[in-house]
2 protein chains.
Amino acid sequence: MARIVKKFGGTSVADIDHIKAVAERVKREVDAGHQVTVVLSAMAGVTDQMVDHTRRVGGLVDDREYDVVVSAGEQVTSGLLAMTLQDMGVPSRSWLGWQIPIRTDGVHGKARIESIDTGELEKSLARGEVPVVAGFQGLGPGNRITTLGRGGTDTTAVALAAALNAERCDIHTDVDGVYTADPRIVAKARKLDRITYEEMLEMASLGAKVLQARAVELAMKRGVRLQVLSSHGDAPGTMIVHEEEVMEKQQVSSITYKRDEAKITLTRVADRPGVAASIFGPLADDSINVDMIVQNVSADGKTTDLTFTVTRADLQRAVASLENRRDDLGYADLLSDSNVVKVSVVGVGMRSHAGVAQRMFKALADEGINIQVISTSEIKVSVLIDEASTERAITALHDAYGLDAE
Amino acid sequence: MARIVKKFGGTSVADIDHIKAVAERVKREVDAGHQVTVVLSAMAGVTDQMVDHTRRVGGLVDDREYDVVVSAGEQVTSGLLAMTLQDMGVPSRSWLGWQIPIRTDGVHGKARIESIDTGELEKSLARGEVPVVAGFQGLGPGNRITTLGRGGTDTTAVALAAALNAERCDIHTDVDGVYTADPRIVAKARKLDRITYEEMLEMASLGAKVLQARAVELAMKRGVRLQVLSSHGDAPGTMIVHEEEVMEKQQVSSITYKRDEAKITLTRVADRPGVAASIFGPLADDSINVDMIVQNVSADGKTTDLTFTVTRADLQRAVASLENRRDDLGYADLLSDSNVVKVSVVGVGMRSHAGVAQRMFKALADEGINIQVISTSEIKVSVLIDEASTERAITALHDAYGLDAE
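Residues numbered from 1 in each chain as written. Chains lettered and ligands numbered in written order. Predicted model: local features only at pLDDT ≥ 70, side-chain atom pairs only at ≥ 80, totals over all residues.

A word on the overall build of chain A. Secondary structure assignment for chain A yields 13 helices and 18 strands. The C-alpha atoms of chain A give 23 Å as radius of gyration, which agrees with the globular expectation for 406 residues (22 Å, within 12%). Referenced to the eigenvectors of the C-alpha coordinate spread, the extents of chain A come out at roughly 75 × 55 × 35 Å. Looking at chain A residue by residue over its 406 residues, the buried ones come to 49%. (Helix = DSSP H or I, 4+ residues; strand = E, 2+ residues; numbered from the N terminus. Rg over C-alpha atoms; globule rule 2.2 N^0.38 Å. Buried ≥ 20, exposed ≤ 12 C-beta atoms within 10 Å, placed from the backbone.)

Shown next, in the form of structure tokens:
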């Protein structure tokens, strides 16, 4: 008998038929003798509708009330699933954040879990029930409902798995695991049996949407064994594990891409200490995240060109902010381009293998694809390229690192 | 400065524009120096949709989980209104049943309020906030959400008004008050300035939909001054008061009707002690409410005809139950008819005036309308007639009692 936490997202509980399918899935685990706790999202689209309601109210949105409104969806699905399980003969009950409670800090809209009191849940499990926990929500200071922000339900699942000492946390999604590349782009993409937390974390940050980076980080920190698998069927998915558990470390385990990038170049910026701070400080104050940054070597010793990327959603605000401060910053031109994509190769094996970046650059050069910006970390190399070349680049890199081979 | 509790129903908060209108209405009271607490229903249709979800789950519906699902709608509207008020510069916060808490018994789906802890609400009011309370919901044993059943939000409002010692409880609805008859039927129907609890209670039981009987009963018991008024505009509505406060007691204050009736007749039932119990006992066990009952005088001294009414929704179940027990009950025929309507005249003045019923019977006879069943109480006379005659009967009675005169 294993203790398992299973998370199902919004598309898995989109309507009553889907909820029944989830219940069947859970019942099979229970029938196999496992002790299961379920964590649910709201029905697909419901949270977005609630967010839209709050936007239509007006300018000032109180984060505390925002959380009251947007947390209602998970309440509905958790009650419905508990009911459905009971109807199938599986004892079950729903748990809202405040009932457990899952205590969080008071940062409404993106609260962090501080503690989970598992006393009542343990009793429920001991009674042979399947607890169905509303994801994404907690209890903050002053007895108020908090929500955990984007991907919060993944985080609830991982935190619960840690608190309950579960043997595994299953994240059920639309796809049946983590792939070497997006199968819609690379026909030869292969599902990975295992991947390390570090790799998954890079992939989540680099645009792979199967898991939220925050949940992966928490799982890594708390040693929770994560599995990404399909909502349908019983095939095993991809296990996310510690580096020691991966036998043969591939140099590169996957190719990811992120379309949500835009490039800004400031030409002839003064090449003196403090200039970067004066450019990026105000952007940070406006909550604009800057990702890749390249500063060219100064040609004349006095000025330099500075290129960096922001998300496309922030591009307009970033440009406006920089134009407002043009006189202070003293650049010649501001160029922006949102027809770019960031393509990355990720793999823990990179640490011990030289030449990973070289192989990437060569593969792209062979395809005639120009690299605009490069950034690297210990276990990934990212390049910014023309968006039109996305498919060709990913396919070429998948081949170059031999990812289709078992 | 008055302390007022204001309740708005589902059509008053049907969308963001309606919620903004409610906020404007509340703001005017606050600007006038009043201390306002608001109680809200879910957006019109949302609770029905939730109920439908629970029905689609399957046969077995756990009442506790049902309450988790159907209480979500009030959470959404209360958060949205608090936000909207803040946006208009009115300090406000939402309160869910468990946060106050409003403690109830454990009868999920139709719980009764046992106590309301007003400590936090009083603090909120003292801070100058407008508390926006989610109606219809409470906190039951075992820290679980309970709901109060049909019309529960009216009940929440009245119970809060009592607990907070409010000077008045305003029930905002689609109509601007209580009328002498349904204005859609009787063009000359007149809005009443005042009506007694007893009359309102009879009217609510007799099909007038402006207020739930349970809320009126609670208001009467706890001495809460109720006002029924429009959600729009600031015109005064109808005050529901103690009998002493009504200057001149009219014999009849209003004519009501209830279409949701069906008639069952059992012919040649044995006329002996205990037969009524054997017929109605099992119906009560099946939660089928029997309303009007008439037993004819026995013609032969051995058998009698028994006629009674049930709600149309229960007719099929009632007939099946009676047919199953045909041999035990020993009746000759079972006749049923759902083309009937119950028309009633209501008034506390009836107590001191003879001839109220006679005037009713004469007015209907003059119209050639046949009376099928009669039932009376201290302050009302009800008759069951052919449904097709509804409009004619109500108009004739409205005239007969001179209700159009001020």
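On to the interface of chain B and chain A. Facing 29 residues of chain B, the contacting portion of chain A comprises 29 residues. Secondary-structure elements contributing two or more residues to the side of chain B that touches chain A are helix 2 (46–57), helix 3 (63–70) and helix 4 (72–87) of chain B. Looking at the side of chain B that touches chain A element by element, the count peaks at eleven residues for helix 4 of chain B. Split by residue class, the side of chain B that touches chain A holds 13 nonpolar, twelve polar and four charged. (Contact = placed C-beta atoms within 7 Å. Nonpolar A, V, L, I, M, F, W, Y, C, P; charged D, E, K, R; others polar.)

Considering the arrangement of structural elements, one finds methionine 50 of chain A in helix 2 (residues 46–57). On the basis of neighbour counts, which here come to 21 C-beta atoms within 10 Å, the residue methionine 50 of chain A falls in the buried class. Each C-alpha atom, one on methionine 50 of chain A and one on glutamate 378 of chain A, is 40 Å from the other, the two residues being 328 residues apart in sequence. Not counting residues up to four positions away in its chain, the partners in contact with methionine 50 of chain A are Val69, Val70, Ala72 and Gly73 of chain A together with Val76 of chain B.

Residues and elements named next belong to chain A. One open sheet holds the eight strands; their spatial order is 3-6-2-1-9-11-12-10, and the pairing between them is mixed. In this open sheet, the two strands that pair with only one neighbour each are strand 3 (92–95) and strand 10 (194–196). Mean inter-strand twist for the sheet, computed between neighbouring axes without regard to direction, equals 25 degrees. In the sheet, strand 1 (residues 3–8) pairs with strand 2 (residues 35–40) via six bridges, with the strands oriented parallel. Residue pairing in the sheet places lysine 7 in a bridge with valine 39 of strand 2. (Pairing = 2+ DSSP bridges. Axes fitted to C-alpha atoms, helices over the stretch in contact; angles between N-to-C directions.)

Moving on, we come to the environment of glycine 89 of chain A. Mapped onto the secondary structure, glycine 89 of chain A falls in the loop between helix 4 (72–87) and strand 3. Distance in space between the C-alpha atoms of glycine 89 of chain A and lysine 27 of chain A is 8.9 Å, their sequence separation being 62 residues.

Right, let's get into helix 6 (residues 152–163) of chain B. Residues and elements named next belong to chain B. Helix length check: helix 6, at twelve residues, gives a terminal C-alpha distance of 16 Å against a target of 16 Å (1.5 Å per residue), a fit within 8%. When you tally the buried positions in helix 6, you get eleven out of twelve residues, the bulk of the element. Within the sequence span of helix 6, burial applies to Gly152, Thr153, Asp154, Thr155, Thr156, Ala157, Val158, Ala159, Leu160, Ala161 and Ala163. Directly beyond the C-terminal end of helix 6, a positive phi value near 50 degrees is found at asparagine 165. (Expected span 1.5 Å × (residues − 1).)

Turning to the pairing of strand 16 (residues 334–346) of chain B, a few remarks are in order. All names here are of chain B. Across ten bridges, strand 13 (residues 254–270) lies against strand 16 in antiparallel orientation. Note on strand 16: the bridge partner recorded for isoleucine 264 is serine 336. As judged from the seven bridges shared by strand 16 and strand 18 (residues 380–386), these two strands associate in the antiparallel manner. By the bridge assignment, valine 343 is partnered in strand 18 with valine 383.

Each copy of the sequence occupies a distinct position, and chain B is placed on chain A by a rotation of 180 degrees and an axial shift of 0.2 Å, giving an RMSD of 0.2 Å. Taken together, the rotation and translation relating the two chain copies correspond to the operation of a two-fold axis. Nearest to the rotation axis, the C-alpha of alanine 72 of chain B is located 2.8 Å from it, this being the minimum over chain B. Of all interface residues in chain B, 100% are interface residues in chain A too; the two copies therefore contact each other through one and the same surface. (Least-squares fit on C-alpha atoms with pLDDT ≥ 70 in both.)

What follows deals with the packing of helix 6 (residues 152–163) of chain A against helix 8 (residues 213–222) of chain A. Residues and elements named next belong to chain A. Interaxial distance between helix 6 and helix 8 falls to 8 Å at its minimum, and their mutual angle equals 10 degrees. Here helix 6 is positioned roughly parallel relative to helix 8, judged by the angle of their axes. Contacts between helix 6 and helix 8 pair Asp154, Thr155, Val158, Ala159 and Ala162 from the former with Arg214, Ala215, Leu218, Ala219 and Arg222 from the latter. Grouping the amino acids of the contact of helix 6 with helix 8 by side-chain chemistry returns six nonpolar, one polar and three charged. (Parallel < 35°, antiparallel > 145°, perpendicular 65-115°, else oblique.)

Moving on, we get to unusual backbone geometry. Between isoleucine 100 of chain A and proline 101 of chain A the backbone carries a cis peptide bond, its omega angle lying at -20 degrees. Topologically, proline 101 of chain A is positioned in the loop between strand 3 and strand 4 (102–104). Positive phi outside glycine occurs at arginine 268 of chain B, with the angle close to 50 degrees. Mapped onto the elements, arginine 268 of chain B comes out in strand 13. Look at arginine 268 of chain B and you get partly exposed, because 17 C-beta atoms sit within 10 Å. The phi torsion at serine 287 of chain B lies on the positive side, around 60 degrees, for a residue other than glycine. Following the sequence through the fold, serine 287 of chain B ends up in the loop between helix 9 (275–285) and strand 14 (290–295).

This brings us to the environment of lysine 263 of chain A. Looking at the element boundaries, lysine 263 of chain A is found in strand 13 (residues 254–270). When the C-alpha positions of lysine 263 of chain A and serine 336 of chain A are compared, they lie 5.5 Å apart, and in sequence the two are 73 residues distant.

A few words on the sheet that holds strand 16 of chain B. Residues and elements named next belong to chain B. The six strands are arranged 14-15-13-16-18-17 in an open sheet whose pairing can be described as antiparallel. Of all strands in the sheet, those bounded by a partner on one side alone are strand 14 and strand 17 (373–377). This sheet shows a mean twist of 30 degrees between the axes of neighbouring strands, independent of strand direction. Where strand 13 lies against strand 15 (residues 303–310), seven bridges are found, and the strand directions are antiparallel. Bridge pairing in strand 15 links alanine 262 to valine 310. Along the sheet, helix 10 (residues 312–324) contacts strand 13, strand 15 and strand 16; its crossing angle with strand 16, the most-contacted strand, is approximately 135 degrees.

Residue and element names in this part refer to chain A. Contact geometry for helix 12 (residues 356–366) and helix 13 (residues 390–400): axes closest at 9 Å, N-to-C directions at 130 degrees. It follows that helix 12 is oblique to helix 13 by the angle criterion. Considering the relative orientation of helix 12 and helix 13, their crossing is right-handed. Contacts between helix 12 and helix 13 pair Arg359, Met360, Ala363 and Leu364 from the former with Ala393, Ala396, Leu397 and Ala400 from the latter. Grouping the constituent residues of the contact of helix 12 with helix 13 by class yields seven nonpolar, no polar and one charged. (Left-handed = near helix turned anticlockwise from the far one by under 90°.)

Okay, the pairing of strand 8 (residues 144–147) of chain B next. Burial along strand 8 of chain B is two-sided: the face carrying Arg144 and Thr146 of chain B and the face carrying Ile145 and Thr147 of chain B are both buried. Counted along the chain from strand 7 (residues 137–140) of chain B to the antiparallel partner strand 8 of chain B, the turn is three residues long, and its residue glycine 142 of chain B has a positive phi close to 70 degrees.

Residues and elements named next belong to chain A. Spanning 16 residues, helix 4 covers 23 Å between terminal C-alpha atoms, matching the ideal 22 Å at 1.5 Å per step. Most of helix 4 is tucked away: 15 of the 16 residues are buried. Positive backbone phi, at 90 degrees, marks glycine 89, one or two positions downstream of helix 4.

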